[in-house]
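# Fold and contact review
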Amino acid sequence: MDAALLHRTLTWIEIGLAVVTVIALRFIVAPYGRHGRAGFGPGINTRAAWVLMELPTVALFVPIYLAGAQATELVPLVLLAFWLSHYLYRTFYFPFRIRPGSPKTALLIVASGALFNCLNAFINARQLSEFGVYPPEWLTDPRFLSGAALFVLGSLINRDADRTLRALRTPEDPKGTYRVPHGRLYEYVSCPNFLGEIIEWFGFSVMTWSLPGFAFFLYTAANVGPRALAHHAWYREKFPDYPKQRRALIPFLL
Ligand code: NDP
């Protein structure tokens, strides 16, 4: 198969996966973290699980990017820097800062997450350094500028929300302790971490103006959107005094 056709086909497969994921997650809550439960096979250490799951986003993305014809050009390098700013954090920093409530994560989750990340790394790395058309003027294009602003905003929201969750547990707490988060966007929604993630990848899809970027935005929304609804329902059930005005994902709306 011709390389461009393969790239397009894999991108559409990712879009198809987003549709399958959002439908599947209406019936089954992804079994990790507070929703972890028996029946999904053996598990591994949760920190190792995060690193293994996210590793392809760096270890596969970079070599595939470097093999592209435009790998050393300015704009692809800038886009690579945006990508890595997220994934170096998610792969090598986040897993070592969380205080997991459950010691193990199902291997099934790790394998499916890693496999998805291989596909996503491939289509987006090829987009940046091989198939995208990104002349130096792209850096002043309104699509790049607005997408980059959204990416940075989403990233700030996501990291700030991750930080708030981390602070909810102390090393002395028994495993599985959960508290109601407060402050900033937590006053409006249960899961600003997921809201930030969605904004971030929407920004990336705009700044790359690409179908692979859009496919990843769709997949992210399909994956963390239902998780936000599940977390919200769980909070309301577990904490009878959970703030009534707080929504799941989108302030005042959802
Ligand atoms: P969660 O919000 O489920 O959990 C994040 C961390 O905070 C976990 O360690 C969790 O512990 C802990 N935590 C959450 N709520 C509380 C609470 N009320 N009290 C105490 N501790 C709490 O997020 P995920 O683990 O699903 O995701 C982590 C990050 O990865 C997020 O930033 C998310 O956006 C991103 N992500 C991106 C995806 C994508 O498709 N792009 C897919 C999935 C995640 P515990 O695990 O024990 O519940």
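Let me sum up the structure you'll find in this document. (Residues numbered from 1 in each chain as written. Predicted model: local features only at pLDDT ≥ 70, side-chain atom pairs only at ≥ 80, totals over all residues. Heavy atoms only, no water.)

## Regarding the packing of helix H8 (residues 192-208) against helix H9 (residues 211-238)
Cut-off, in case you're wondering: Note on method: axes are straight lines fitted to C-alpha atoms, helices fitted across the in-contact stretch only, with angles between N-to-C directions ranging 0 to 180 degrees. By definition, any uninterrupted DSSP run of H or I lasting at least four residues is a helix, any uninterrupted run of E lasting at least two residues is a strand, and each is numbered from the N terminus. Roughly parallel means an angle under 35 degrees; roughly antiparallel means over 145; roughly perpendicular covers 65 to 115; every other angle is labelled oblique. A contact between two residues is defined here by any heavy atoms of the two lying within 4.5 Å.
It is the contact of H8 with H9, at a shortest axis distance of 9 Å, that shows an interaxial angle of 170 degrees. As far as their axial angle goes, H9 and H8 are roughly antiparallel. For the pair H8 and H9, contact is made by Phe194, Glu197, Ile198, Trp201, Phe202, Phe204, Ser205 and Thr208 and by Gly213, Phe214, Phe216, Phe217, Thr220, Ala221, Val224, Arg227, Ala228 and His231, respectively.

## Examining the nonpolar core
Put simply, the test is: Only buried residues count toward a nonpolar core. Its members are Ala, Val, Leu, Ile, Met, Phe, Trp, Tyr and Cys residues joined through side-chain atoms within 4.5 Å. Only protein chains enter the accessibility calculation, which uses a 1.4 Å probe. A residue is then buried if its area is under 20% of the maximum for its type, exposed if over 50%, and partly exposed in between.
Ranked by size, the top nonpolar core spans 39 residues in total, and within it Phe61, Trp83, Trp201 and Met207 carry the most contacts. For this core, the elements supplying multiple residues, two or more each, are helix H4 (61-66), helix H5 (74-97), helix H6 (107-131), helix H7 (142-166), H8 and H9. Residues in contact with tryptophan 83, not counting those within four places in the same chain, are Thr57, Phe61, Asn120, Asn124, Trp201, Phe204 and Phe216. Core analysis: the second largest hydrophobic core is formed by seven residues, Trp50, Tyr89, Phe94 and Ile109 among them.

## Side note on the packing of aromatic side chains
Which entries qualify depends on this criterion: A pair of Phe, Tyr and Trp rings is counted when the ring centres sit within 6.5 Å of each other, with Trp represented by its six-membered ring. The angle between the planes then sorts it: under 30 degrees is stacked, over 60 is edge-to-face, the rest tilted. Here, over-ring charges are defined by two tests on the NZ atom of lysine or the CZ atom of arginine: distance to the ring centre within 6 Å, and angle to the ring normal within 35 degrees.
One pass over the structure, following the stated rule, counts 27 aromatic pairs. Here the aromatic rings of phenylalanine 82 and phenylalanine 151 are separated by 5.4 Å at their centres, their planes lie at 85 degrees, and the arrangement is edge-to-face. You can see phenylalanine 82 sitting in helix H5 and its partner phenylalanine 151 sitting in helix H7, a full 69 residues away along the chain. The exposure class of phenylalanine 82 is buried, given its relative accessible area of 17%. Of the residues examined, phenylalanine 151 reaches a relative accessible area of 2% and is grouped as buried. Ring pairing ties together the aromatic residues Phe61, Phe82, Trp83, Tyr87, Phe116, Phe144, Phe151, Trp201, Phe204, Phe216 and Tyr219, which thus form one cluster. Seen from the ring of tyrosine 178, arginine 169 lies directly overhead, with NZ or CZ sitting 4.6 Å from the centre.

## Regarding a positive patch on the surface
Quick reminder of the rule: Any residue with relative accessible area above 30% and no salt bridge may belong to a patch, with like charges joined within 9 Å and the nonpolar Val, Leu, Ile, Met, Phe, Trp and Tyr side chains within 5 Å. With residues, only the protein chains shown are counted as cover, and all accessible areas are computed by Shrake-Rupley using a 1.4 Å probe. The working definition used for a salt bridge is a side-chain nitrogen of Lys or Arg within 4 Å of a carboxyl oxygen of Asp or Glu. Charged residues are defined here as Lys and Arg on the positive side and Asp and Glu on the negative side; His and the ends of the chain fall outside this count. For charged residues, the charge sits on one atom: NZ in Lys, CZ in Arg, CG in Asp, CD in Glu.
Taken together, the side chains of Arg47, Arg97, Arg99 and Lys175 make up a positively charged region of the molecular surface. For lysine 175, the position within the fold is in the loop between H7 and H8.

## Here's the deal with the pattern of salt bridges
Once the charged atoms of two side chains with opposite charge are near each other, the side chains can pair. All told, the structure shown has eight salt bridges when counted by the stated rule. The salt bridge involving aspartate 160 is made with arginine 184; its shortest N-O contact spans 2.8 Å. Of the two residues, aspartate 160 is situated in helix H7 and arginine 184 in the loop between H7 and H8; the sequence distance between them amounts to 24 residues. Accessibility expressed as a relative area gives 63% for arginine 184, which makes it exposed. Salt-bridge contacts for arginine 246 lead to glutamate 187; the nearest nitrogen and oxygen are separated by 4.0 Å. Of this pair, arginine 246 sits in the segment after H9 while glutamate 187 sits in the loop between H7 and H8, and the two are 59 residues apart along the sequence.

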